[in-house]
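Architecture at a glance
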Amino acid sequence: MTVTNVDNDFLLRIESALDQIRPYLEADGGNVKVLEVTDDMVLRLELLGACGSCPMSTMTLKAGVEQSVLKAIPEIRAVEAVNLTQA
């Protein structure tokens, strides 16, 4: 799936921010995929691999992924996963 609602430079900034946390996700068998940035600047991700079913995925998303993205890209207001496991 290609993200079409943001320009390529903005998408590269998002991917660069995610690349800062990806090694930690990959070490546990997971990853994230950018799905879209909404009109109100919410980054929507899909949790992949082990991240999609991990009971700690909410904490990982908020404390790791979201903080990394918000620090690098202040225009983003929030990060949410479309397939977050409910604990």
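Throughout what follows, the structure given in this document is the object of discussion. (Residues numbered from 1 in each chain as written. Predicted model: local features only at pLDDT ≥ 70, side-chain atom pairs only at ≥ 80, totals over all residues. Heavy atoms only, no water.)

Quick word on the overall build of the protein chain
Note the following rule: We count a stretch as a helix when DSSP gives it H or I for four or more residues in a row; a strand needs E for two or more, and each element gets its number in order from the N terminus. Every radius of gyration here is taken over C-alpha atoms, with the globule rule written as 2.2 Å times N^0.38, N being the number of residues.
Tallying secondary structure elements over the protein chain gives two helices and three strands in all. Secondary structure of the protein chain in N-to-C order comes out as α-β-β-α-β. Relative to a compact globule of 87 residues, whose C-alpha radius of gyration would be 12 Å, the protein chain shows 12 Å and is just as compact. Taking the principal axes of its C-alpha atoms as reference, the protein chain extends roughly 30 × 20 × 20 Å.

Let's talk about the pattern of salt bridges
Cut-off, in case you're wondering: One speaks of a salt bridge when a side-chain nitrogen belonging to Lys or Arg is within 4 Å of a carboxyl oxygen belonging to Asp or Glu. Note on classification: 1.4 Å probe, protein chains only; a residue is buried when its accessible area is under 20% of the maximum for its type, exposed when over 50%, partly exposed between these limits.
Counted under the stated rule, the structure contains six salt bridges. The partner of Asp-19 in a salt bridge is Arg-22, and the shortest N-O contact between them spans 2.7 Å. Here Asp-19 and its partner Arg-22 are both found in helix H1 (residues 8–27), three residues apart, which amounts to about one turn of the helix. What makes Arg-22 buried here is its relative accessible area of 11%.

Looking at H1
How we decide: Under the convention used throughout, the expected extent of a helix is 1.5 Å for every residue step, that is, one less than its residue count. Bend is computed residue by residue as the angle between axes fitted to the seven residues ending at the residue and the seven residues starting at it. Whether two residues are in contact is decided by their heavy atoms: any pair within 4.5 Å suffices. Pairing of N or O atoms within 3.5 Å defines a polar contact, subject to two protein rules: one partner must be a possible hydrogen donor and the other a possible acceptor, and residues neighboring in sequence count only if both atoms are side-chain atoms.
If you check H1, its first and last C-alpha atoms are 28 Å apart, about what 20 residues at 1.5 Å a residue would give, namely 28 Å. At Ile-21, H1 is deflected by roughly 45 degrees, the largest bend along its length, and proline Pro-23 occurs up to four residues later in sequence. The set of residues buried in H1 consists of Phe-10, Leu-11, Ile-14, Ala-17, Leu-18, Ile-21, Arg-22 and Leu-25. Residues of H1 that are buried in the fold lie against strand S1 (30–37), strand S2 (42–49) and helix H2 (57–72). Put simply, Asp-7 is the residue that caps the front of H1, since its side-chain oxygen is 3.1 Å from the backbone nitrogen of Asp-9. Of the residues one or two after H1, Gly-29 is the one with positive phi, at around 85 degrees.

Topic: the side chain of Ser-68
Of note, Ser-68 is situated in helix H2. Ignoring any residue separated from it by four or fewer positions in sequence, one finds Ser-68 in contact with Ala-17 and Gln-20.

Section: the sheet that holds S2
Spelled out, the test is: By this definition, two strands are paired if DSSP reports at least two bridges between them. Note on method: axes are straight lines fitted to C-alpha atoms, helices fitted across the in-contact stretch only, with angles between N-to-C directions ranging 0 to 180 degrees.
Taken in spatial order, the three strands line up as S1-S2-S3 in an open sheet, and their pairing is mixed. Strand pairing shows two members of the sheet lacking a second neighbour, S1 and strand S3 (78–81), which therefore form its edges. This sheet shows a mean twist of 35 degrees between the axes of neighbouring strands, independent of strand direction. Here S2 runs beside S3; their pairing, made up of four bridges, is parallel. Bridge pairing links Leu-45 to Ala-81 in S3. H1 contacts S1 and S2 of the sheet and is inclined by roughly 160 degrees relative to S1. Sitting on the sheet, H2 touches S2 and S3, and the angle it makes with S3 is about 145 degrees.

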